[in-house]
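So the chains spell out like this:
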Amino acid sequence: MTSSRENTSRAAPGAAPFMAFLPLVAALLFCVTGAGAAEAPLPPPRQALLTILFEGTETAVGRTAREELDSLAAEYVRKGGRLELRAYAGPPHDTSSNNRRLSLRRALTIRQELIDRGIVAERIHVRAMGGVSDSGPQDRVDISLPGG
């Protein structure tokens, strides 16, 4: 007869490799769930030529934004080059379908405003991002140079 002490000290055959990975599995689960860890702060927004802000679920462009788009378009019609529109809607890293669609509608609205002001459509690259990935305003469209 064996004592209970001996039974608990012996691992089942083949269990040693599994047991070696338990600390790694626990660490990964801790990182994925973020338990006990504070989220890293979001980076600052990329440099934009112009940022158009929106309220709630709005997609319409206000009068002030139209005036800013007039100035930007007048410069770029003469100058040439490409523009990138990065549209955001929603809280950080939220890429849900609704937020992606809302950000796309906003980007397409701004794109059409720029086309109406004489910028060739092929020069405008649209990116619907959904939720923000930086510390800038949640509901906005940034107009910038590609890669900038």
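These numbers come from a predicted model, not from an experiment.

**Some points on the pattern of salt bridges**
Then, in step 1: Within the structure shown, the criterion is met by 9 salt bridges.
Then, in step 2: For the salt bridge of R66 with E113, the shortest nitrogen-to-oxygen distance reads 2.8 Å. A residue pair is termed long-range when its members are at least 10 positions apart, and R66 in helix 3 (residues 63–79) and E113 in helix 4 (residues 97–116) qualify at 47 residues.
Then, in step 3: You can call E113 buried: its relative accessible area is 11%.
Then, in step 4: Notably, a salt bridge pairs R86 with E84, separated by 3.2 Å at the nearest N-O pair.
Then, in step 5: Of the residues examined, R86 reaches a relative accessible area of 12% and is grouped as buried.
Then, in step 6: Three or more residues are tied together by salt bridges with common partners; here these are R66, D70, E113 and R117.

**Considering the packing of helix 3 against helix 4**
Then, in step 1: The contact between helix 3 and helix 4 brings their axes to 9 Å, and the two run at 55 degrees. Taken together, the axes of helix 3 and helix 4 lie oblique to each other. As for how helix 3 packs across helix 4, the hand of that crossing is right-handed. Here R66, L69, L72 and A73 of helix 3 come into contact with helix 4, specifically with I110, E113 and L114.
Then, in step 2: Considering only residue class, the contact of helix 3 with helix 4 consists of 5 nonpolar, no polar and 2 charged.

**Regarding helix 3**
Then, in step 1: The end-to-end C-alpha distance of helix 3, which contains 17 residues, comes to 24 Å, matching closely the 24 Å that a straight helix rising 1.5 Å per residue would cover.
Then, in step 2: Within helix 3, burial applies to A65, L69, L72, A73 and Y76. Viewed end-on, helix 3 has its buried residues packed into an arc of 105 degrees, placing them on one side of the element. Turned more than 90 degrees away from the buried face of helix 3 sit R63, T64, S71 and R78, all of them exposed.

The rules behind each value
- Residues numbered from 1 in each chain as written.
- Predicted model: local features only at pLDDT ≥ 70, side-chain atom pairs only at ≥ 80, totals over all residues.
- Heavy atoms only, no water.
- Salt bridge = Lys/Arg side-chain N within 4 Å of Asp/Glu carboxyl O.
- Helix = DSSP H or I, 4+ residues; strand = E, 2+ residues; numbered from the N terminus.
- Buried < 20%, exposed > 50% of the residue type's maximum accessible area, 1.4 Å probe, protein only.
- Axes fitted to C-alpha atoms, helices over the stretch in contact; angles between N-to-C directions.
- Parallel < 35°, antiparallel > 145°, perpendicular 65-115°, else oblique.
- Left-handed = near helix turned anticlockwise from the far one by under 90°.
- Contact = heavy atoms within 4.5 Å.
- Nonpolar A, V, L, I, M, F, W, Y, C, P; charged D, E, K, R; others polar.
- Expected span 1.5 Å × (residues − 1).
- Arc of directions from axis to C-beta.

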